[in-house]
Amino acid sequence: MSINIFGGRLRNCAVGFILLFFPSSAAAQANVWIGTWATAPQAAMRGRVMTFHNQTLRLIAHVSASGQKARVRISNTFGDQPLVLGGAHVARRAVGADIEPTSDRALRFRGEASVTVPARSMVVSDPVDLDVPALSDLAISLFLPQSTQTTTAHILALQTSYVSAEIGDATSAVKFPVARTIARWPFLTGVDVAVSSQGNAIVALGSSLTDGDGSTTDANRRWPDLLAERLQKSAGGKEQGVLNEGIIGNRLLSDADSSRQAGGPPPLGDVYAQLGPALGQSGLARFERDVLAQAGVKYVIVALGVNDILFPGSFIPATETVSSQNLISGYRQLVARAHKKGIRVIGSTIPPFEHALFRDPPFDGFYSPEKDRVRREVNAWIRGGSEFDGVIDFDEAVRDPDHPSQLLPAYDSGDHLHVNDAGNLAQANLIPLVLFEKKQKRLKQLSLPVSAP
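This report concerns the structure included in the present document. Here the structure is a predicted model, which is why all the values come from computation and not from measurement. (Residues numbered from 1 in each chain as written. Predicted model: local features only at pLDDT ≥ 70, side-chain atom pairs only at ≥ 80, totals over all residues. Heavy atoms only, no water.)

1. Focus: helix α3 (residues 223–233)
(1) Moving on: Counting buried residues in α3 gives 9 out of 11 residues, a clear majority hidden from the surface.
(2) Moving on: For α3, every residue scored as buried is listed here: Trp-223, Pro-224, Asp-225, Leu-226, Leu-227, Ala-228, Arg-230, Leu-231 and Gln-232.
(3) Moving on: Looking at the packing, one finds that the buried side of α3 touches β21 (200–206), α2 (208–211), β22 (240–246), β24 (297–303), α9 (394–398) and α10 (421–430). (Buried < 20%, exposed > 50% of the residue type's maximum accessible area, 1.4 Å probe, protein only. Helix = DSSP H or I, 4+ residues; strand = E, 2+ residues; numbered from the N terminus. Contact = heavy atoms within 4.5 Å.)

2. Some words on the side chain of Thr-36
(1) Moving on: Its place among the elements puts Thr-36 in strand β2 (residues 32–38).
(2) Moving on: Ignoring anything within four residues of it in the chain, the contact list for Thr-36 reads Val-63, Ser-64, Ala-65, Val-191, Asp-192, Val-193, Val-242 and Leu-243.

3. Details of the side chain of Gln-406
(1) Moving on: With respect to the secondary-structure elements, Gln-406 resides in strand β28 (residues 403–407).
(2) Moving on: Once residues lying within four places of it in the same chain are set aside, the contact partners of Gln-406 are Pro-352, Glu-354, His-355, Arg-399 and Asp-400.

4. Some thoughts on the packing of aromatic side chains
(1) Moving on: Tallied over the full model, the rule gives 13 aromatic pairs.
(2) Moving on: Ring centres of Tyr-299 and Phe-436 lie 5.4 Å apart, and the angle between their planes is 85°; on these two criteria the pair is classed as edge-to-face. One end of the pair, Tyr-299, is in strand β24; the other, Phe-436, is in the segment after α10, with 137 residues separating them in the sequence. Of the two residues examined, Tyr-299 and Phe-436, each falls in the buried class. (Phe/Tyr/Trp six-rings, centres within 6.5 Å; stacked < 30°, edge-to-face > 60°.)

5. Some thoughts on the sheet that holds β22
(1) Moving on: Reading across the sheet, the 5 strands line up as β22-β21-β24-β25-β26 and stay open at both edges, with parallel pairing between neighbours. The outermost strands of the open sheet, each flanked by one partner alone, are β22 and β26 (390–392). Across the sheet, the axes of successive neighbouring strands diverge by a mean angle of 20°, strand direction being ignored.
(2) Moving on: Of the strands in this sheet, β21, β22 and β24 are in contact with α3, which crosses β22 at around 175°. (Pairing = 2+ DSSP bridges. Axes fitted to C-alpha atoms, helices over the stretch in contact; angles between N-to-C directions.)

6. Some details on empty space enclosed by the protein
A water-sized probe, rolled over the atoms, reveals where empty space remains.
(1) Moving on: Considering all chains together, one arrives at 4 cavities of 30 Å³ or more under this definition.
(2) Moving on: Considering only enclosed or pocket space, the largest cavity measures out at about 200 Å³ in volume.
(3) Moving on: Forming the boundary of the largest cavity are 21 residues, of which Trp-37, His-62, Arg-222, Asp-225 and Asn-244 lie nearest the centre.
(4) Moving on: Taken together, the elements giving at least two residues each to the lining of the largest cavity come down to β2, α3 and β22. (1 Å grid on protein atoms, 1.4 Å probe; cavity = no way out; pocket = protein on both sides within 12 Å on 5 of 7 lines; lining within 4 Å. Points joined across faces, edges and corners; volume = space filled by probe spheres on them.)

7. Digging into the nonpolar core
(1) Moving on: Residues Ile-74, Ile-140, Val-300, Phe-315 and Tyr-331 are the most contacted members of the largest nonpolar core, which totals 92 residues.
(2) Moving on: Top contributing element to this core by residue count: helix α7 (residues 324–340), with 6 residues.
(3) Moving on: Judged by nonpolar contacts, the second largest core, of 17 residues, contains Trp-223, Ile-301, Phe-394 and Leu-435. (Core = buried A, V, L, I, M, F, W, Y, C linked by side-chain atoms within 4.5 Å.)

Next up, the structure:
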């Protein structure tokens, strides 16, 4: 079954308490911790839980900002049982599953090589000295000695990672003994680096349009990746991390456990029942974990809303239709919560979706003139409102000027909803980098096209 769908939900789940394992002496040496790579944890799809035993995972993460110290975030957010890690390493990737031997570092947790992560919790490793170049690949290796179900993972990784056979701890192997590959990130949710006090992180909170659906696997052509490339080429963005917190099927206002969300019409009602847990908690519900709790975050780009408009009448009953005012109310809540933490909020318009289709099972009934009217009303408010600290006009970047309710064909990945690599580049190039400059005290309606530096 294809999971080529848009933004989503995560099962009813309190994050519980967060365990932050930082040795105080090492933390005191760092000027500022910022996220250089992140992904949103998701619950497993029903009936699609992977199990590992006495195996090592070597997970590949493409970082944004550089640093000389690193630490790793491991999540058991949706686990009902403790997660036992027998060992963990981080290194710079050489090629494929292999690492640069001089860069290999054993990770510890409160000084211990192994760690048990309680159910519904996460841990952060002790810092290690490691030269992390900007826009490079890290290999994070996790040894799972016990039978372990991947109840927490990021599903649409668009990145090949590697699994050993049942041969024990291979976390330090330079030539990794690959038994098979996977295209998701089990348990790994973040990498932080230590930078100067001028550093900060930008979180992209979105759906599959942010998660990269439609872009090329292993190419890092999601628009947040391309924004990170632009920042690294710019004068002031060297110490700015870009964190992709996109989730397929994610919505701003609702998730699969919200009231009256089940029982959509065929053929997608059954698909929704299976995918539901993986589509993420609503943006409002996961905002604390996926935005406010990120290291060094100073900016958040809100790119949610398309699925709130599309889902009614397809995945969920048509009676759950949302209005533009419903979405605007949700955006206002995120702005208020971010501003309380001193975080600037940048709104992004919703691209067009006429002819949007789902491939398996075939379904092309997402669009209606009424849904497009809601999209245009929301976009008009985002462009003209005064509550966001800045605006990115993704709609302008990728719509067909001769038919504004649909994507420009050159940017269409094929499902008339998700853009391809060229569309992601057009979106990234439209983002004014001045939005992320500290000297700008308050920014409004900065949405004019700019050239990549």
